[in-house]
Structure formats: C-alpha cells, structure tokens
Amino acid sequence: MNDLLKLTIRELLALYSARKLSPSEYWLAVEDRVAAFEPHVQALYLYDPESARSQAAASTDRWMKGETLGLLDGIPVTLKELIATKGQPVPLGTAAVQLVPAAEDAPIAARLREDGAVIFTKTTCPDYGMLSSGLSSFHQLSRNPWDLTQNPGGSSAGASAAGAAGFGPLHIGTDIGGSVRLPAGWTGLFGFKPSQGRIPVDPYYVGRCAGPMTRTVEDAAYSMATLSRPDWRDGTSLPPNDFDWLDFDIDVKGLKIGLMLDAGIGLAVDEEVRNAVVAAAKRFEEAGAIVVPVEPVMTRVMLDGLDNFWRSRFWGDIETMPQERRALILPYIYQWAEGGTSISGVEAVRGFNQTIEMRKACGRLFTAVDAVISPTNPIVSYPAEWASPTNDPALPFEHIGFTVPWNMSEQPASSINCGFSKSGMPIGLQIVGPRYDDLMVLKLSRAFEQWTGGVTAWPEPPAA
C-alpha cells in the first residue's frame, strides 16, 4: 500500500496545512489504489474519478489560499448508496427500483459537502439493505479484501470492502441491526454506530443509524464533528453538541464492564471468536476494569417478533409494485418478504412491540454495568456468494443477536478488531456504552486500540 494511504485524517490535514501534501496529490494515491483493487473487491457504484480530481483540485486551491470550508476539506469519502446524493439515483441495492435522480443531498452528504470532503463514489449494498452480505440483484458481488472467497458482511458491504482495501480513510454506512458493525467486524475496520439521532438520516426509522467505518478510531472520531450536526429532516435528530470528539482520555480503573458471550438466540459463537473476545476482556481487566459476565438481552420471542414486523413492513412497501418489477428482487429477499402476507396487523404490532422489550432489557442491564463488551459477529466468516451467514431465508437474522438490541435501545456501539482467526480473517469486538454517551464508546475503543496496536497490515490486491 502506498504510504500516503496509511495516513490518518489528522495527519493528512496537518500535511495539507503545511503545504507538504495537497488534496490532489493524495487523491491520485487513492485513485491508483482503487484501480488496483476494485476489480477484485467490487465495492463501488457510480465511481467518478474525474469528479474527484476536480473536487480535490478545488480543495487544493482553498488550502493554498487559507480558505478551507471545514474539518474534512480535501478528505476523500465514500457513501453507502442508500445515502442520497443530489442528481444521482438511489437504487437501494435492487434491480426492482427505477433509477430516478435524487432531488437533494441526504443530511450526511450535505454535511460532508459543507466541510469540503471529496465524495468520489457510492458503495454497494444488498437489496433494500436487508442482508448482511455483498450479494445484490443490482450491484456486482462485493467481496472481502482479506479473502476474496469470503463475504464482507453487510448491509454496508461495499463500505467495508472499500475501507479494508484502502480506498481512503473514511467510509459512511448505515445500521438498523448491525449493518455498520457486522461488516466492520468481518473486515477488520473500526465501525461506529452512534446514539440514535446523533448522525441525522433521511429517511429515518426505528433503530436506523448511520456511522463511520475507518481503519482507526481517531479517523471515525474526527468525522463526527461534521456528521453529527443536526438536520430537521430526521425526527430523531439530537440537538447540537459541543463535544471534543478527539478527547480520548479515560481511566478504566473501577469501570464495571459486562462481558456478554451468549447472544441468547441465533448462531453459536465460534470458539476462535469466543477466545479472542475473552482475551480482549482480560486486557480491560489488566487496565483496572471490573469485568463481570452478563446474561443476554435478546430472546427468541424478541427476534421472531422483529422478523414478523420487518417482513410485514417490507411487504407493505413492495406489494403495490408491478409484478414484473417485484420479480427482479433478489429471490432470497423476496421469499423472506412473502412471509409478510400471512402476518396480521395485530401480529405485526406485537412484533413491533418487541423493540420496546429490547429497549427495556438493555436499560435494565445498564443499571448494573457501565459498558458492555461482546463479539460483534458470532462466526469467523462465510462464503461471498451467500445471502447471509445461514443462507436460509427462513432464518435470516440468526447472526444479529449481539448487535440489534442496541439499535432499538438507541445506545452507541462500536466494532473494533480484536484478533484474527487461524484462516487469517478478522474478528470483531463490540463495545457498547450508555445511551447518548458516544464519547465513552470512542474512548474505550481508542484505549483498546492502543493496548493492542490496532491492525497494522492490510490486505493487498492479488498479483496481476
């Protein structure tokens, strides 16, 4: 990897300011990396290097004049294609959607443009963002840079593949059940899902968040001052904050951390994953934290209720679609959605009510602990061609037991690398903090990154 691509956002901005590196020069390093790796990982949609060169040149001119727009001026960024950008279609990962240019930027895109970021591409996702996979009826199959036969996770599949492949420092995904954290865990990235409403999204929905996916904790934290500015279009958008997002000072001595090794439902935890997370817990203990085992917050009733609610909601979205367009939806997703036809309105409401039960269970747990750590993903990996870790539309959510409750409880959570399997695949540690205490999660994540040294070697494209 070009040494420039190893620089953090803070380091890049310092070099821009000192006129030792220009945004244009850095962009060309990113462009070369994309050319070398993208044919293998297939992470991008609407990639536009010409526009990126123009944006980088404009940023270079602003830096030369000392008239920068904001904190991310000249920093290349990718956006998950679910995040609208004015004048470009939002296919939602599916061949069933007609391609209509978006009328305006979504909040995230608007904030990044305001601060001068170089938005050079969108990243792929599965149909309607409904899978933890790089499989889509519209996009090419996205693959994991660590092993091209393996899945990058999802639904922020392209974002995770782009991040691990080194396509710049910052990639923005969305997360309603783990779609930032799950792929981050499977690709060795740091993925941050902040408190509900901290980063405004449009459209907003119960549990739907957006967050940065980066190679370091600091890069994610640096982006938050930009991304967390409020926007009226998100009805859950939080008030303006004056956080020092780069304040990582924390003493974990005496902090009570719950260690959750059983999700309560779904896939059993692989032994290698369990061992890596236990080793991570010992790191916290060595630093003075009090680590205590905690029971799962999820139950089968909760997960099945959520499944019923999501099926019926999704079927309601597509049932009026012409049959010829419905037929274009990924068969796995369509087969799952058809189950919504037999769910009554009462059953759908009962399913939605399980999101409240999740919130209550998470709140109860946090009366006894200050933070929670767990596996991000229960398993090490799965094939790139699979739609989910079970590859079974009758069991679509068996892998989200550790991640989904914190969406419904609105609590911040991250995934950070805590080791590698014998096969060389990354393993993710999830860190969860109290509602609205986004800084605690970033501080604990940064501390862990410093104890372990973080990921120092990233995958390279296959030899030509």
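For the structure itself, look to the data block above.
Read on for an overview of the structure. (Residues numbered from 1 in each chain as written. Predicted model: local features only at pLDDT ≥ 70, side-chain atom pairs only at ≥ 80, totals over all residues. Heavy atoms only, no water.)

**A look at the packing of helix 9 (residues 300–318) against helix 12 (residues 345–365)**
Helix-helix packing is characterised by the crossing angle of the two axes and by the distance between the axes. Filter applied, for reference: Only the stretch in contact is used when a helix axis is fitted, and all axes are lines through C-alpha atoms; the angle between N-to-C directions ranges over 0 to 180 degrees. By definition, any uninterrupted DSSP run of H or I lasting at least four residues is a helix, any uninterrupted run of E lasting at least two residues is a strand, and each is numbered from the N terminus. Here the angle decides the label: under 35 degrees means roughly parallel, over 145 means roughly antiparallel, 65 to 115 means roughly perpendicular, and every other value means oblique. By convention, the crossing between two helices is left-handed when the near helix turns anticlockwise from the far helix through less than a right angle, and right-handed when the turn is clockwise. Two residues form a contact once any of their heavy atoms are found within 4.5 Å.
The N-to-C vectors of helix 9 and helix 12 enclose an angle of 135 degrees; their axes lie 7 Å apart at closest approach. Judged by the inter-axis angle, helix 9 sits oblique to helix 12. By crossing handedness, the relation of helix 9 to helix 12 is classed as left-handed. On helix 12, the residues touching Val301, Met302, Gly305, Leu306, Phe309 and Ser312 of helix 9 are Ala348, Gly351, Phe352, Gln354, Thr355, Glu357, Met358 and Ala361.

**Some points on the pairing of strand 5 (residues 190–193)**
Where we set the bar: Only protein chains enter the accessibility calculation, which uses a 1.4 Å probe; a residue is then buried when its area is under 20% of its type maximum, exposed when over 50%, and partly exposed in between. For two strands to pair, DSSP has to find at least two bridges joining them.
Of the two faces of strand 5, the one holding Phe190 and Phe192 and the one holding Gly191 and Lys193 are both buried throughout. The pairing of strand 5 with strand 6 (residues 209–214) spans two bridges and is classified as antiparallel. Following the sheet pairing, Phe190 is matched in strand 6 by Thr214. Pairing of strand 5 with strand 10 (residues 413–420), which is carried by three bridges, proceeds in the antiparallel orientation.

**Quick notes on the packing of aromatic side chains**
The test is simple: For this analysis, a ring pair means two rings from Phe, Tyr or Trp (six-membered ring only for Trp) whose centres lie within 6.5 Å, classed as stacked if their planes differ by under 30 degrees, edge-to-face if by over 60, and tilted for the remaining angles.
Applying the stated criterion across every chain yields a total of 20 aromatic pairs. Measuring from centroid to centroid gives 5.0 Å for Trp186 and Tyr382, while their planes differ by 75 degrees, and the two rings are edge-to-face. Of this pair, Trp186 sits in helix 6 (residues 181–187) while Tyr382 sits in the loop between strand 9 (371–375) and helix 13 (404–408); the two residues are 196 residues apart in sequence, bridging distant segments of the chain. Accessibility expressed as a relative area gives 1% for Trp186, which makes it buried. Between Phe243 and Trp245, the ring centres sit 5.2 Å apart and the planes meet at 70 degrees, which makes this aromatic pair edge-to-face.

**Quick notes on the pattern of salt bridges**
The criterion, for reference: Here, a salt bridge means any Lys or Arg side-chain nitrogen found within 4 Å of an Asp or Glu carboxyl oxygen.
Within the structure shown, the criterion is met by 25 salt bridges. The closest approach of N and O atoms between Arg233 and Glu104, which form a salt bridge, is 3.3 Å. Placement of the pair is Arg233 in the loop between helix 7 (217–227) and strand 7 (256–259) and Glu104 in the loop between strand 2 (76–80) and helix 4 (107–114), with a sequence separation of 129 residues. Relative accessible area serves as the criterion here: at 14%, Arg233 is assigned to the buried category. Between Arg359 and Glu410 there is a salt bridge, with the nearest N and O atoms lying 3.0 Å from each other. A residue pair is termed long-range when its members are at least 10 positions apart, and Arg359 in helix 12 and Glu410 in the loop between helix 13 and strand 10 qualify at 51 residues. Here the salt bridges do not stand alone but share partners, grouping Glu104, Arg111, Glu114, Asp115, Arg229, Asp231 and Arg233 into one network.

Read these as geometric descriptors, not functional statements.
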